[in-house]
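Fold and contact review
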Amino acid sequence: MSRLLLLNGPNLNLLGNREPDLYGTVTLESIEQRCRALATELGHELDAMQSNAEHELVHRVQAAAAEGVGAIVINPAAFTHTSVALRDALTAVGIPFIEVHLSNVHGREGFRRRSYFSAVAAGVISGLGPLGYELAIRAADALLRGDA
């Protein structure tokens, strides 16, 4: 059994109400529940956290190393395009991570096409809505088993 960490950045706490035509109507709580159930099914424990504050996410990533977290799934949201600090935290701890985005960022505004995370992520899943999170949990499982 490994520990997985699911991190979500700013404004994702508004899922279900926020721009449903773009992000859908599924809530973050529902996504977390589905990911927790899948992680358990795959033999892992999953912790989840959402924050609108960059420093809180940085602290959580740093703590993950001491907690023995084996893989991270992260939707950095708007921090994707701005946070060198969060990227540095992820590279510093050396825990493999999967970057997830609900929408297809490559089909949106130009500034959303630039990610500080993609080049150092084990993988990137974009544009598949909530399913992307479940695929990321499966990918994290494969990484931990040495199948990816």
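The structure reproduced in this document is the subject of the present report. Keep in mind it's a predicted model, so treat the numbers as computed, not measured.

This paragraph deals with unusual backbone geometry. In this model, Asn11 sits at a positive phi of 75°, which is unusual for a non-glycine residue. Tracing the backbone through its elements, the reader meets Asn11 in the loop between strand S1 (3-8) and helix H1 (20-23). Phi is positive for Ala77, which is not a glycine, with a value near 55°. As for its placement among the helices and strands, Ala77 is situated in the loop between strand S3 (69-75) and helix H4 (84-93). You can call Ala77 buried: its relative accessible area is 14%.

Taken in spatial order, the five strands make up an open sheet running S2-S1-S3-S4-S5, and their pairing is parallel. On the outer flanks of this sheet lie strand S2 (45-50) and strand S5 (123-126), each paired with one strand and no other. Strand after strand, the sheet turns through a mean of 20° between neighbouring axes, direction not considered. Direction of pairing for S3 relative to strand S4 (residues 97-101): parallel, over a ladder of three bridges. By the bridge assignment, Ile72 is partnered in S4 with Phe97. Across the sheet, helix H2 (residues 28-41) touches S1 and S2, and the angle it forms with S2 is around 160°.

With respect to the helices, strands and loops of the structure, Asp47 is situated in strand S2. Residue contacts for Asp47: discarding those within four places in its chain leaves Arg3, Leu4, Leu5, Leu6 and Arg60.

The next point concerns the pairing of S3. With respect to burial, S3 is a largely interior element, seven of its seven residues being buried. One ladder, built from six bridges, connects S1 with S3; its direction is parallel. Considered in S3, the bridge of Asn8 is made with Asn75. Taken together, S3, H4 and S4 form a β-α-β motif whose crossover is right-handed.

A separate point is the nonpolar core. Ranked by size, the top nonpolar core spans 23 residues in total, and within it Val73, Tyr133 and Ile137 carry the most contacts. Those elements that provide at least two residues to this core are S1, H2, S3, S4 and helix H5 (131-145). With five residues, H2 is the single largest residue contributor to this core. Beyond its immediate chain neighbours, meaning those up to four positions away, Val73 contacts Leu5, Leu6, Leu7, Ile98, Val100, Ala136, Ile137 and Ala140.

So, on to the packing of helix H3 (residues 54-66) against H4. One way to put it is that H3 packs onto H4 with a least axis distance of 9 Å and a crossing angle of 0°. Between H3 and H4, the angle is such that the two are roughly parallel. Contact with H3, carried on its side by Glu54, Leu57, Val58, Val61, Gln62 and Ala65, involves Ala85, Leu86, Ala89, Leu90 and Val93 of H4 and no other residues of that element. In terms of residue class, the contact of H3 with H4 is made up of nine nonpolar, one polar and one charged.

Reading guide: rules and limits
Residues numbered from 1 in each chain as written. Predicted model: local features only at pLDDT ≥ 70, side-chain atom pairs only at ≥ 80, totals over all residues. Heavy atoms only, no water. Helix = DSSP H or I, 4+ residues; strand = E, 2+ residues; numbered from the N terminus. Buried < 20%, exposed > 50% of the residue type's maximum accessible area, 1.4 Å probe, protein only. Pairing = 2+ DSSP bridges. Axes fitted to C-alpha atoms, helices over the stretch in contact; angles between N-to-C directions. Contact = heavy atoms within 4.5 Å. Right-handed = clockwise from strand over helix to strand, strands pointing away. Core = buried A, V, L, I, M, F, W, Y, C linked by side-chain atoms within 4.5 Å. Parallel < 35°, antiparallel > 145°, perpendicular 65-115°, else oblique. Nonpolar A, V, L, I, M, F, W, Y, C, P; charged D, E, K, R; others polar.

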